[in-house]
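# Geometric and topological summary
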Amino acid sequence: MLAKNLEVFKKSHKFTLQIYEITKAFPREELFGLVSQMRRAAYSINSNIVEGVAKKSSNEYARFILIARGSASELEYQLELAKDLKYITELEFGELLDKINQIGKMLSALHKSIKAQPLSPIPEPL
């Protein structure tokens, strides 16, 4: 199974590209602060999906999906902070929050489906 076949991977990749684009407009002094943290949290989601898929057991796979879910949660807060600092608008915040919440739900569903499977083999993509 390839991680790229997972719908959550596809959505998260598009979201990561959007985070990179939006953070280009943040103040220069945030380059090594909030910009770096948001970008790292965004690409961490898919990095952990890819690493999880490559693991030999469903327990390891599930653990990496939980780490990806944690990165999504981290990004939720960073979006709120960016809104409060007026780096993004309320409208942008609402749209981005909807997307990251959807990704989080997809990760939770994937985790649940992995845990419902026997230890091996790893389940097919959702």
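The following refers to the structure shown. Source: prediction; values computed, not measured.

For the pair helix H1 (residues 7–23) and helix H2 (residues 34–54), the least separation of the axes is 9 Å and the interaxial angle reads 165°. Compared by their axis directions, H1 and H2 come out roughly antiparallel. At the point where H1 passes H2, the crossing takes the left-handed sense. When H1 is examined against H2, the residues Val8, Phe9, Ser12, His13, Thr16, Ile19, Tyr20 and Thr23 are found in contact with a partner set consisting of Val35, Met38, Arg39, Ala42, Tyr43, Ile45, Asn46, Ile49 and Val50. The residue makeup of the contact of H1 with H2, split by class, is 11 nonpolar, five polar and one charged.

Since the α-helix advances by 3.6 residues per turn, residues separated by three or four positions end up pointing in the same direction. In a regular helix each residue adds 1.5 Å, so 17 residues correspond to 24 Å; H1 covers 24 Å between its end C-alpha atoms and thus fits that length. Buried residues of H1: Val8, Phe9, Ser12, Phe15, Thr16, Ile19, Ile22 and Thr23, and no others. Along the long axis of H1, the arc covered by the buried residues comes to 145°, so they all point the same way. Tucked into the core, H1 has its buried residues touching H2, helix H3 (58–84) and helix H4 (90–116).

Rules used in this analysis
Here the residue numbers are simple positions, counted from 1 along each chain's written sequence. Residue-level local features of this predicted model are given only where pLDDT is at least 70; pairs of side-chain atoms are given and counted only at 80 or more, and the full residue set underlies all totals for whole chains, interfaces and linings. Only hydrogens and water are set aside; all other atoms, that is, all heavy atoms of the structure, feed into the side-chain values. The angle between two axes is taken between their N-to-C directions and runs from 0 to 180 degrees, where each axis is a line fitted to C-alpha atoms and a helix contributes only its stretch in contact. Strands are runs of DSSP state E lasting at least 2 residues, helices are runs of H or I lasting at least 4, and numbering of each runs from the N terminus. Note on terminology: angles under 35 degrees are roughly parallel, angles over 145 are roughly antiparallel, angles of 65 to 115 are roughly perpendicular, and the others are oblique. Here is the rule for handedness: rotate from the far helix to the near one, and if that takes an anticlockwise turn smaller than a right angle the crossing is left-handed, while a clockwise turn gives right-handed. Contact definition: two residues touch when any of their heavy atoms are within 4.5 Å. Lys, Arg, Asp and Glu make up the charged group, whereas Ala, Val, Leu, Ile, Met, Phe, Trp, Tyr, Cys and Pro make up the nonpolar group; the residues left over, Gly among them, are polar. Expected span of a helix, by definition, is 1.5 Å for each gap between consecutive residues, and there is one gap fewer than residues. In this scheme, a residue with accessible area under 20% of its type's maximum is buried, one over 50% is exposed, and one in between is partly exposed, where area comes from a 1.4 Å probe on protein chains only. It is the directions from the helix axis to the C-beta atoms whose arc is reported.

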